[in-house]
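Residue-level structure breakdown
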Amino acid sequence: MDAFVKFTNQSQGRDRIFRATQYACALSIYLLRNTSERKDLVAKLKSLEATMSAGRKLFRLGNTINSIEAAKRTMRLSDRVLGLCLTAANINRALYFICDNALWARSVGLIRDIDKERWSLNASRCYFLSLVMHLTRDVYVVIQLMAQKVRDKHFRQKMDQHLSENPEVVEVVVPQLDAFLFLLLESLKSHPAVALDTLKNICDLFIPLDRLGIYQSNAGVVGFCGLMSSLIGILTLTQPELRIKP
Amino acid sequence: MDSWVRFNAQSQAKERVIRAAQYACTLLGYTLKKGGAAAELHKTISQLEAHMSLTRKLLRLGNSVEALEAAKRAIHLSDSVLRLCLTISHLNKAMYFACDNVLWAGKTGLISKLDQQKWSQRSFRYYLFALILNLTRDVYELRLLLESEERYRASKSPPSPYPSTTLPADSLSSSSSSPAAPATITLPVMSAWLSRRLHLLGMVLYNNPPLLLDLLKNSCDIFIPLDRLGIYPTGQGFVGACGLASSILSILTIINPWLKLKP
């Protein structure tokens, strides 16, 4: 109970729980869309999803400043590539929050004459760019880890052992590909934070891809990916060692 | 900027800011209605207020657990009056949050047939009990501080002959004079005593800003359930002003944690 209280006291903790609920509702609505006897349940889920979405927009009102502060911090990182990726990601995140705030003001009626569709597309574009930057950072970190691992003698012994013990696999699959995959999987296994972050960003990527029409999936896929990324986010918040640094 | 990030990271802080904005909308709606502004603007403000109220209910979804944890902690206090007041106050708050969660479920359509009026009244009743207990605790702490301050003053300066000699002199003179005189003579005595007490009270409160803030906050807050339950209806404007004032005071205690009344 104490851990639950500490978790929900963090603004991010509550937001992730609400996000998980929102996407769980979206997934459930998609799965139940064809059953006629559950129409009132579907209506309730739609109402819950709308409430969560509207509520989350209100909480996010101050997050632009958070992102700008994060961008200022990442500009000072020692690793140039890392600093560039993260600063670009944070700036795009800040722009996304500005668009989101404008959409919130439109939805409550404070601002009337803005084009909701255009601002919504802009918000999705900024979110997409920030996710691409985060994925670039993930790929860069994974490449660094793999390069580090290749230099490690102990690992090279392990790889040779792996390659020699499955001769029939080596014949079927190209040996370099097999070695590369083995290296990749070993690097990810030794650094679960990076693996989780990559998985989270890939799941998140489907949401703006669908919204912008680049890769049209359906509402079920979007709901499932959103739910997965929210659950991973909750996991990284409860176990801080699983959170990627910086 | 950095302090804003730290402030924002606390869930409670955001909820307080939204509460301040909600009651500011209530106050604004009242002044607009009085000033005869456009119905469109008034509708926007009341819609915004309803949206903020519903979102705050969403934010408060986990607070029953928090209040129960606080009640569990309060049971271990050494002072029996404080222990009683705080434990029952936290339990009432937990019940208030539970009723609030049910209201949220009703408003979002999760529970279809909910008597919103009944549950709303129930939640305000629990809130009122919690506030009364908080005020009792404030008055108790104030009394303790006043007593200790008086004892300190009495020990610091030896009892001066001036007030004690004038009193018997007055009573001696009053006993010889007509029966109507005692009423007129005790009045300045009473007002001197009252002004001395008020001065002492003011000094104690000035030296203990957490107690002063908590007392002011609870006094402002109590008008909200009193109005909503119909016990002491004051009107939208006054409720909005009280709500806004208490929200600003609680934001102050979050920004400066030393201003929070312990325990």
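Since this is a predicted model, take the numbers as computed values, not measurements.

1. Brief notes about the overall build of chain A
Along chain A, the regular secondary structure elements total eleven helices and zero strands. For chain A, the C-alpha atoms occupy an extent of roughly 65 × 50 × 45 Å along the three principal directions. When the 246 residues of chain A are sorted by exposure, 45% land in the buried category. Contacts spanning at least 24 positions in sequence make up 72% of the contacts within chain A whose residues lie at least 6 apart. A total accessible area of about 13500 Å² is found for chain A, and carbon and sulfur atoms account for 62% of it. Between the mean site of the 33 positive side-chain charges and the mean site of the 23 negative ones, chain A shows a separation of 8 Å.

2. Remarks on the confidence of the model for chain B
Residue and element names in this part refer to chain B. Averaged over every residue, the pLDDT of chain B is 86; the share at 70 or more is 87%. For residues 164-177, every residue scores under 50 in pLDDT, and the model assigns this stretch two contacts once sequence neighbours within four places are set aside. Model confidence for the complex: the whole-complex pTM is 0.84, and ipTM, which rates the interface, is 0.84.

3. So, unusual backbone geometry
With an omega of 10°, the peptide bond between A:Lys245 and A:Pro246 qualifies as cis. Note that A:Pro246 resides in the segment after helix H11 (219-238).

4. Quick word on the interface of chain A and chain B
Interface size is commonly expressed as the accessible area that is lost once the parts come together. Contacts between the two partners involve 29 residues from chain A and, on the opposite side, 32 residues from chain B. With both sides pooled, the region where chain A packs onto chain B buries about 2700 Å², and carbon together with sulfur makes up 63% of that total. In terms of surface lost to chain B, no three residues of chain A exceed A:Arg14, A:Lys44 and A:Phe59, which account for 20% of the buried area on that side. Where chain A touches chain B, the interface holds two salt bridges. A:Arg112 is the salt-bridge partner of B:Glu40, the closest N and O atoms lying 3.7 Å from each other. The interface formed by chain A and chain B holds seven residue pairs in polar contact (both at pLDDT 80 or more) in total. Those elements that place two or more of their residues in the side of chain A that touches chain B are helix H1 (2-9), helix H2 (11-31), helix H3 (39-59), helix H4 (63-75) and helix H5 (80-108) of chain A.

5. Focus: the environment of A:Leu227
Residue and element names in this part refer to chain A. With respect to the secondary-structure elements, Leu-227 resides in helix H11. In this structure the C-alpha to C-alpha distance between Leu-227 and Thr-21, which are 206 residues apart in sequence, comes to 7.6 Å. Leu-227 has contacts with Ala-20, Tyr-23, Ala-24 and Leu-27, leaving out every residue within four places of it along the chain.

6. Observations concerning the side chain of B:His51
Within the secondary structure, B:His51 is located in helix H3 (residues 39-59). There is a polar contact of 2.9 Å between the side chain of B:His51 and the side chain of A:Trp104. If sequence neighbours within four positions are ignored, B:His51 has contacts with A:Ala54, A:Leu58, A:Trp104 and A:Val108.

7. Examining the packing of aromatic side chains
For the structure shown, the criterion picks out eight aromatic pairs over all chains. Ring geometry for A:Phe206 versus A:Tyr215: centroids 6.2 Å apart, planes at 55°, classification tilted. Look at A:Tyr215 and you get partly exposed, because its relative accessible area is 47%. Through successive ring pairs, a cluster of aromatic residues spans A:Tyr96, A:Phe97 and A:Tyr127. Positioned over the ring face of A:Tyr30 is A:Arg33, at 4.0 Å from the centre of the ring. Above the plane of the ring of B:Trp119 lies B:Arg122, whose end atom (NZ or CZ) is 4.6 Å from the centre.

8. A word on helix H9 (residues 175-190) of chain A
In an α-helix, one turn spans 3.6 residues, which is why side chains three or four residues apart end up on the same side. All names here are of chain A. The end-to-end C-alpha distance of H9, which contains 16 residues, comes to 22 Å, matching closely the 22 Å that a straight helix rising 1.5 Å per residue would cover. Within the span of H9, buried status applies to Asp-178, Ala-179, Phe-182, Leu-183, Glu-186 and Ser-187. Take H9 and look down its axis: the buried residues cluster within an arc of 165°, on one side only.

9. Brief notes about a nonpolar patch on the surface
A grouping of A:Val174, A:Leu177, A:Phe180 and A:Leu181 is seen on the molecular surface, where their side chains present a nonpolar patch of about 350 Å² in accessible area. On the secondary structure map, A:Phe180 appears in helix H9.

10. Remarks on the pattern of salt bridges
The full count for this structure, using the stated rule, is 22 salt bridges over all chains. A salt bridge links A:Glu117 to A:Arg211; the shortest N-O distance between them is 3.6 Å. Pair noted here: A:Glu117 is in helix H6 (residues 116-151) and A:Arg211 is in helix H10 (residues 192-211), with a separation of 94 residues, a long-range link. Owing to a relative accessible area of 46%, A:Glu117 belongs among the partly exposed residues under this scheme. Across the salt bridge formed by B:Arg16 and B:Glu15, the nearest N and O atoms sit 3.7 Å from each other. Because the salt bridges share partners, they merge into one network encompassing B:Glu15, B:Arg16, B:Arg56, B:Lys57, B:Arg60 and B:Asp100.

About the thresholds
- Residues numbered from 1 in each chain as written.
- Chains lettered and ligands numbered in written order.
- Predicted model: local features only at pLDDT ≥ 70, side-chain atom pairs only at ≥ 80, totals over all residues.
- Heavy atoms only, no water.
- Helix = DSSP H or I, 4+ residues; strand = E, 2+ residues; numbered from the N terminus.
- Buried < 20%, exposed > 50% of the residue type's maximum accessible area, 1.4 Å probe, protein only.
- Contact = heavy atoms within 4.5 Å.
- Areas by Shrake-Rupley, 256 points an atom, 1.4 Å probe, with all protein chains shown as cover.
- Lys, Arg positive; Asp, Glu negative; His and termini not counted.
- Charge placed at Lys NZ, Arg CZ, Asp CG, Glu CD.
- pLDDT = per-residue confidence, 0-100.
- Buried area = accessible area lost by both parts, 1.4 Å probe.
- Salt bridge = Lys/Arg side-chain N within 4 Å of Asp/Glu carboxyl O.
- Polar contact = N/O pair within 3.5 Å; in protein donor to acceptor, adjacent residues only side chain to side chain.
- Phe/Tyr/Trp six-rings, centres within 6.5 Å; stacked < 30°, edge-to-face > 60°.
- Lys NZ or Arg CZ within 6 Å of the ring centre and 35° of its normal.
- Expected span 1.5 Å × (residues − 1).
- Arc of directions from axis to C-beta.
- Patch = residues over 30% accessible without salt bridge, like charges linked within 9 Å, V, L, I, M, F, W, Y side chains within 5 Å.

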